[in-house]
Amino acid sequence: MSDIKIGVVSCSGEECFGGTISRLATRKVLEDLRLGEAVTICLPLFIAGGEEERNFAKVYPTVAVDGCSKLCAMRATEKYSGKVNAVVKVDEIIGKEKALEKVVSLRELPSDYMELVDKVAQEICKEMDKISSDILKKQAEEELKNSGECSGGCCCCGCK
Amino acid sequence: MSKVVVIPCSGMGKVYGLLAREAANKVVNELKKDEAETKCLAYIVTGDDEIRDYMNGKKCITIDGCPKMCAAKNAREAGAEVVEELKSTDFAKQMRAMKPGTATYLNEEGWQVVDAIAEKITTIIDEMEGK
């Protein structure tokens, strides 16, 4: 398990099915697929909370998960907290029509909902892994640079 | 009378956010379809002109799952008139629902809390309409 904690901010949209899938996929990442590696914050806390909450996206590399093309999670995070590193667009994964369907109770979820949740959760993990890998690569490059050693690749920079 | 906007916090981290979300859902899609509606709280948070114009002066009932009161604060910030601020934690306490589920799924105890919150909102809307 990586020591890098990554923030996942979901839209949780109350008006469309895409919001339900965003929420469930984010929960699956938090409590199952990336337990201990993913952290979250309630999006409305950017306004209702304090400085600590507004620093979330400055402290953690962040993935926004949005249920529809309004991209509220991404836009609100960037407006009040900081730039996000990636956006998972649920409507592009499950289809626009499906994402915009009426929200239903957890008691009435369609039979294929778990498949959709899994697809979105996998996409969140993929983005998290990419962010971790980029950070680790950057750290390694900096360590090499500080030690004056070469990475072994041909960089033509003159290092030995 | 225009529809009452029911806004839950939907908090991602705790079961109380999910209780709020499901209660709002029950009201707008089942119990008070013609009298109530909901709007995405995340959309309200963006502060877009379109949603601010829509919310301005609208009568709202908010349901929050923690003392930060995100739904109530954000609805007010958007210009809505919050006529009632409910807390799902109060309902769970009153009903002695110690373990209503998780932030992902509710158990039977949790669904009973959802029903109680939804019933309360229905009563509030009836009173607003003078029923």
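In short, a report on the structure. Not measured: the values here are computed from a predicted model.

**Topic: the overall build of chain B**
Here comes step 1: Each helix and strand in chain B was counted, giving six helices and four strands.
Here comes step 2: Secondary structure elements of chain B, listed N to C terminal, follow the sequence β-α-β-α-α-β-α-β-α-α.
Here comes step 3: For 131 residues, the compact-globule estimate of 2.2 N^0.38 gives 14 Å, and the C-alpha radius of gyration of chain B, at 14 Å, lies within 12% of that figure.
Here comes step 4: A principal-axis box enclosing the C-alpha atoms of chain B has dimensions of 40 × 35 × 20 Å.
Here comes step 5: Taking all 131 residues of chain B together, the buried fraction comes to 56%.
Here comes step 6: Long-range pairs, those at least 24 residues apart, make up 64% of the contacts in chain B between residues at least 6 apart in sequence.
Here comes step 7: Accessible area of chain B: about 5,800 Å², with a carbon and sulfur share of 45%.

**Section: the sheet that holds strand β2 (residues 38-40) of chain A**
Residue and element names in this part refer to chain A.
Here comes step 1: Here we have four strands laid out as an open sheet, ordered β2-β1-β3-β4, and parallel in their pairing. Here the strands that pair on one side only, and so sit at the sheet edges, are β2 and β4 (86-89). Taken pair by pair, the neighbouring strands of this sheet meet at an average axis angle of 30°, ignoring direction.
Here comes step 2: This element, helix α5 (residues 72-80), spans β1 (6-10), β3 (62-66) and β4 of the sheet and lies at about 140° to β3.

**Topic: the side chain of T122(B)**
Here comes step 1: By the secondary structure assignment, T122(B) is in helix α6 (residues 108-128).
Here comes step 2: Sequence-distant contacts of T122(B), that is, excluding residues within four places in its chain, are made with L31(B) and K32(B).

**A closer look at the packing of aromatic side chains**
Residue and element names in this part refer to chain B.
Here comes step 1: For the structure on display, the rule yields one aromatic pair over all chains.
Here comes step 2: One cation-aromatic arrangement involves K39 over Y54; the distance from NZ or CZ to the ring centre is 4.5 Å.
Here comes step 3: Just above the ring of Y54 sits the side chain of K58; from NZ or CZ to the centre is 3.8 Å.

**Looking at unusual backbone geometry**
All names here are of chain B.
Here comes step 1: With a phi close to 60°, S10 is a non-glycine residue in the positive phi region.
Here comes step 2: Counting through the fold element by element, S10 comes out in the loop between β1 (4-8) and α1 (15-31).
Here comes step 3: Here the phi dihedral of M69 falls at roughly 55°; this positive angle occurs in a residue that is not glycine.
Here comes step 4: Checked against the element boundaries, M69 lands in the loop between β3 (59-64) and α4 (70-77).
Here comes step 5: Its relative accessible area of 11% is what places M69 among the buried residues.

**Notes on the packing of α1(B) against α6(B)**
Residues and elements named next belong to chain B.
Here comes step 1: The contact between α1 and α6 brings their axes to 8 Å, and the two run at 50°. As judged from the angle between their axes, α1 and α6 are oblique. Classified by chirality, the crossing of α6 by α1 is right-handed. Residues L19, E22, A23, K26, V27 and L31 of α1 pack against G110, W111, V113, V114, D115, I117, A118, I121, T122 and I125 of α6.

**Comments concerning the interface of chain A and chain B**
Here comes step 1: Contacts between the two partners involve 35 residues from chain A, matched on the other side by 34 residues from chain B.
Here comes step 2: Linking chain A with chain B are four salt bridges.
Here comes step 3: Here R75(A) makes a salt bridge to D48(B), at a shortest N to O gap of 2.9 Å.
Here comes step 4: Joining chain A to chain B, the criterion identifies 21 residue pairs in polar contact (both at pLDDT 80 or more).
Here comes step 5: When contributions to the side of chain A that touches chain B are tallied by element, the ones reaching two or more residues are α1 (17-33), α2 (45-48), α5 and α8 (113-147) of chain A.
Here comes step 6: The element that contributes the greatest number of residues to the side of chain A that touches chain B is α1(A), accounting for seven residues.
Here comes step 7: Within the side of chain A that touches chain B, the residues separate by chemical class into 16 nonpolar, eight polar and 11 charged.

**Focus: the pattern of salt bridges**
Here comes step 1: Applying the stated criterion across every chain yields a total of 15 salt bridges over all chains.
Here comes step 2: One salt bridge connects K39(B) with E15(A), and the closest N-O pair in it is separated by 3.6 Å. Note that K39(B) is positioned in the loop between β2 (36-37) and α2 (41-46) and E15(A) in the loop between β1 and α1, a pairing that runs across two chains.
Here comes step 3: Taking relative accessible area as the criterion, K39(B) reaches 15% and is therefore assigned buried.
Here comes step 4: In this structure, R76(B) and E85(B) form a salt bridge, with 2.5 Å as the shortest nitrogen-oxygen distance.
Here comes step 5: R76(B) gets classed as partly exposed once you look at its relative accessible area, which sits at 42%.
Here comes step 6: Residues joined by salt bridges that share partners form a network here, namely R107(A), K26(B) and D115(B).

**Quick word on the state of the cysteines**
Here comes step 1: Applying the stated criterion across every chain, the model contains zero disulfides over all chains.
Here comes step 2: Distance from the sulfur of C125(A), which forms no disulfide, to the nearest cysteine sulfur (C11(A)) is 18 Å.

**Digging into the nonpolar core**
Here comes step 1: In terms of nonpolar packing, the biggest core is built from 54 residues, with V120(A), I124(A), I63(B), I117(B) and I121(B) touching the most fellow members.
Here comes step 2: It is α8(A) that provides the largest number of residues to this core, a total of nine residues.
Here comes step 3: Residues within four places of I124(A) in sequence aside, it is in contact with V8(A), A25(A), T26(A), V29(A), V65(A) and V88(A).
Here comes step 4: Listed in part, the 34 residues of the second largest apolar core include I41(A), C72(A), A71(B) and V82(B).

Rules behind the numbers
- Residues numbered from 1 in each chain as written.
- Chains lettered and ligands numbered in written order.
- Predicted model: local features only at pLDDT ≥ 70, side-chain atom pairs only at ≥ 80, totals over all residues.
- Heavy atoms only, no water.
- Helix = DSSP H or I, 4+ residues; strand = E, 2+ residues; numbered from the N terminus.
- Rg over C-alpha atoms; globule rule 2.2 N^0.38 Å.
- Buried < 20%, exposed > 50% of the residue type's maximum accessible area, 1.4 Å probe, protein only.
- Contact = heavy atoms within 4.5 Å.
- Areas by Shrake-Rupley, 256 points an atom, 1.4 Å probe, with all protein chains shown as cover.
- Pairing = 2+ DSSP bridges.
- Axes fitted to C-alpha atoms, helices over the stretch in contact; angles between N-to-C directions.
- Phe/Tyr/Trp six-rings, centres within 6.5 Å; stacked < 30°, edge-to-face > 60°.
- Lys NZ or Arg CZ within 6 Å of the ring centre and 35° of its normal.
- Parallel < 35°, antiparallel > 145°, perpendicular 65-115°, else oblique.
- Left-handed = near helix turned anticlockwise from the far one by under 90°.
- Salt bridge = Lys/Arg side-chain N within 4 Å of Asp/Glu carboxyl O.
- Polar contact = N/O pair within 3.5 Å; in protein donor to acceptor, adjacent residues only side chain to side chain.
- Nonpolar A, V, L, I, M, F, W, Y, C, P; charged D, E, K, R; others polar.
- Disulfide = S-S within 2.5 Å.
- Core = buried A, V, L, I, M, F, W, Y, C linked by side-chain atoms within 4.5 Å.

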